[in-house]
Amino acid sequence: MGNIVLFDERKRAIWQYFDHPTDPLLPGQNLVSRQELIASVIASCWSRGLLSFTVLNGSLVSYAATKPPQYYYASHYRNYTHLRFDGHTLSLVYFADRFLKLEHNGHLRVYNFDRDELDWKVESDICVSESNIGKCGYPMAIYGRKADLGCTELTSISCDSLQYHSLLELRDTTYFAFDISFQINSSIWFEGTKLDDCKTACLSNCSCKAVVWAVTGRKKCLLLNEVFSIMDNGEGRDRTTVFLKVQNQSPIISGGKNSRPFKNLDWTQADEEDVHLLSVFRRKAEQEQLMDMVDKNEDMQLHREAVTEMMSLAAWCLQGDFAKRPSMSLVVKAVEGLVTVETNLNYNFTSLP
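Residues numbered from 1 in each chain as written. Predicted model: local features only at pLDDT ≥ 70, side-chain atom pairs only at ≥ 80, totals over all residues. Heavy atoms only, no water.

As a further point, take the overall build of the protein chain. The number of helices and strands found in the protein chain is eight helices and 20 strands. Looking at the 353 residues of the protein chain, the share that counts as buried comes to 39%. Restricting the contact set of the protein chain to residue pairs at least 6 apart, pairs at least 24 apart contribute 52%. Carbon and sulfur atoms provide 50% of the accessible area of the protein chain, an area that totals close to 21100 Å². (Helix = DSSP H or I, 4+ residues; strand = E, 2+ residues; numbered from the N terminus. Buried < 20%, exposed > 50% of the residue type's maximum accessible area, 1.4 Å probe, protein only. Contact = heavy atoms within 4.5 Å. Areas by Shrake-Rupley, 256 points an atom, 1.4 Å probe, with all protein chains shown as cover.)

Structural data, given as structure tokens:
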């Protein structure tokens, strides 16, 4: 059922769909190690998402395909109603009217064709149900997050601003993949046994976005490069805490063309609009109203002080008298906040001494 086979000129099968599954497992099809079901991004889009299901070390496992992977389901169980699993091969107990599908939201469901309603109906959910682990127990909250739940990142983490990174403690919380990742994947665990060492390991690694710390257990420190569902740990019964990396401020103003404080200037065109912008810049600087020239988007307004500091630094570099311009090493120190920007500036940049 549903297999597509390609034959060569000698009628030998050279390729078949059953060897290259997507998100369903069909009757007559096997799933073995190194094969995987890959969920779509959303229900209405067939593009591949992050979630996969496979056979690994004698277990059936589901995971988010980050680097390294984050596992959220694992089972050695062999006695499934509609499935056969011997530790190496998974297949459907043969019924032409059933199939298994890895959903975009991480659930692995068996569908049965309802002949009365002429429609496919969910018959069972192989993975742990939401009622057992809460609505945020699967990592798919990243795709279908409700507007009134969770949090969003206001300031992106920049590797150029490590000195501004810190870890925000979320008390009485745990991570959806904490226990499963401990059993299967050791590559995302830090071997340190002290909380400070664990936090330092994350802060010194730009790719690390969060820490999950356990007070008890042989493994204590989970470092996350991608963050999905953070959950209430039941009033601390699991004795775990999540520390989320945040960037408090940045000397570098990021963003696209809509968040740049300056336009590119063309000195060869005396009547260009950009030249008129210089006169506006000079007037606003003399009136101490530089923020009037900055875009009103949230990101720029959130970094008001850093924006005006960068504008003043740019003015310092554009001094008509080259002797009053800062050296590159001095500019770097100013960006790092080690020296203050010169305040006695001449904003008539086109005049020569």
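Let us keep going from here.
Moving on, we get to the pattern of salt bridges. Tallied over the entire structure, the rule returns four salt bridges. With a closest N to O distance of 3.7 Å, Lys209 and Glu226 form a salt bridge. Highlighted residues: Lys209 in the loop between helix H4 (195-203) and strand E17 (210-214) and Glu226 in the loop between strand E18 (221-224) and strand E19 (230-232), separated in sequence by 17 residues. For Lys209, a relative accessible area of 35% puts it in the partly exposed group. (Salt bridge = Lys/Arg side-chain N within 4 Å of Asp/Glu carboxyl O.)

Hydrogen bonds between backbone atoms are what pair the strands of a sheet, whose relative direction is either parallel or antiparallel. Read across the open sheet, the five strands follow the order E14-E20-E17-E18-E16; overall the sheet is antiparallel. A single partner strand is all that each edge strand has here, and the edge strands are strand E14 (165-170) and strand E16 (189-190). (Pairing = 2+ DSSP bridges.)

Moving on, we get to the state of the cysteines. Throughout the structure, instances matching the rule amount to three disulfides. In this model Cys159 forms its disulfide with Cys206; the gap between the sulfur atoms is 1.8 Å. Disulfide Cys159 to Cys206: torsion about the S-S bond roughly -90°, handedness left-handed. Remark: Cys206 occurs in the loop between H4 and E17 and Cys159 occurs in the loop between helix H2 (141-144) and E14; sequence separation between them is 47 residues. On the basis of relative accessibility, which here comes to 19%, the residue Cys206 falls in the buried class. A sulfur-sulfur separation of 1.9 Å characterises the disulfide bridge that pairs Cys198 with Cys221. Disulfide Cys198-Cys221: the torsion about the S-S bond is 75°, which places it as right-handed. (Disulfide = S-S within 2.5 Å.)

What follows covers the sheet that holds strand E13 (residues 119-125). On the basis of which strands lie adjacent, the open sheet formed by four strands has the order E3-E11-E12-E13 and antiparallel pairing. This sheet does not close on itself; its edge strands, each paired only once, are strand E3 (24-25) and E13. As paired strands, strand E11 (residues 98-102) and strand E12 (residues 108-114) are joined by five bridges and run antiparallel to one another. Bridging from a neighbouring strand, Arg98 pairs with Asn112 of E12.

Taken together, the side chains of Ile4, Leu6, Ile14 and Trp15 make up a nonpolar region of the molecular surface, amounting to roughly 390 Å² of accessible area. As for its position among the elements, Ile4 is in the segment before strand E1 (5-7). (Patch = residues over 30% accessible without salt bridge, like charges linked within 9 Å, V, L, I, M, F, W, Y side chains within 5 Å.)

Glancing now at the side chain of Gln35. Here Gln35 shows up in the loop between strand E4 (30-32) and strand E5 (36-42). Since its relative accessible area comes to 14%, Gln35 is described here as buried. Among the polar contacts listed, one links the side chain of Gln35 to the backbone oxygen of Asp19, at a separation of 3.3 Å. When residues no more than four places from it in sequence are discounted, the contact partners of Gln35 are Phe18, Asp19, Asn30, Phe53, Thr54 and Val55. (Polar contact = N/O pair within 3.5 Å; in protein donor to acceptor, adjacent residues only side chain to side chain.)

With that settled, consider the nonpolar core. In this structure, Phe53, Leu90, Leu100, Ile126, Tyr175 and Leu222 are the most contacted members of the largest nonpolar core, which totals 36 residues. Setting aside its immediate chain neighbours within four residues, Leu100 contacts Asp23, Pro24, Leu25, Leu83, Leu90, Leu92, Leu108, Arg109, Val110 and Ile126. One finds Leu290, Met291, Val294 and Met311 within the second-largest nonpolar core, a separate group that totals 18 residues. (Core = buried A, V, L, I, M, F, W, Y, C linked by side-chain atoms within 4.5 Å.)

Now for the pairing of E5. In the sheet, E5 pairs with strand E6 (residues 45-56) via five bridges, with the strands oriented antiparallel. Of the residues in E6, the one forming a bridge with Ser40 is Arg48. The loop that links E5 with its antiparallel partner E6 comprises two residues.

Attention shifts here to the packing of helix H7 (residues 304-317) against helix H8 (residues 328-335). At a closest axis distance of 11 Å, the pairing of H7 and H8 adopts a crossing angle of 170°. Comparing the axis directions of H7 and H8 gives the class roughly antiparallel. Residues Leu313, Trp316 and Cys317 of H7 lie in contact with H8, whose contacting residues are Leu330, Val331, Ala334 and Val335. (Axes fitted to C-alpha atoms, helices over the stretch in contact; angles between N-to-C directions. Parallel < 35°, antiparallel > 145°, perpendicular 65-115°, else oblique.)

Moving on, we get to the packing of aromatic side chains. In this structure the tally under the stated criterion is five aromatic pairs. Every member of this aromatic cluster is reached through a ring pair, and the members are Phe99, Tyr111, Phe113 and Trp120. (Phe/Tyr/Trp six-rings, centres within 6.5 Å; stacked < 30°, edge-to-face > 60°.)

Before going further, it helps to spend a moment on the environment of Pro24. One can find Pro24 in strand E3. Sequence separation between Pro24 and Leu102 is 78 residues, and the spatial gap between their C-alpha atoms is 6.3 Å. Beyond its immediate sequence surroundings of up to four residues, Pro24 is in contact with Tyr17, Gln29, Leu37, Phe99, Leu100 and Lys101.

Before going further, it helps to examine empty space enclosed by the protein. Tallied over the full model, the rule gives one cavity of 30 Å³ or more. Grouping the amino acids of the lining of the largest cavity by side-chain chemistry returns four nonpolar, three polar and two charged. (1 Å grid on protein atoms, 1.4 Å probe; cavity = no way out; pocket = protein on both sides within 12 Å on 5 of 7 lines; lining within 4 Å. Points joined across faces, edges and corners; volume = space filled by probe spheres on them. Nonpolar A, V, L, I, M, F, W, Y, C, P; charged D, E, K, R; others polar.)

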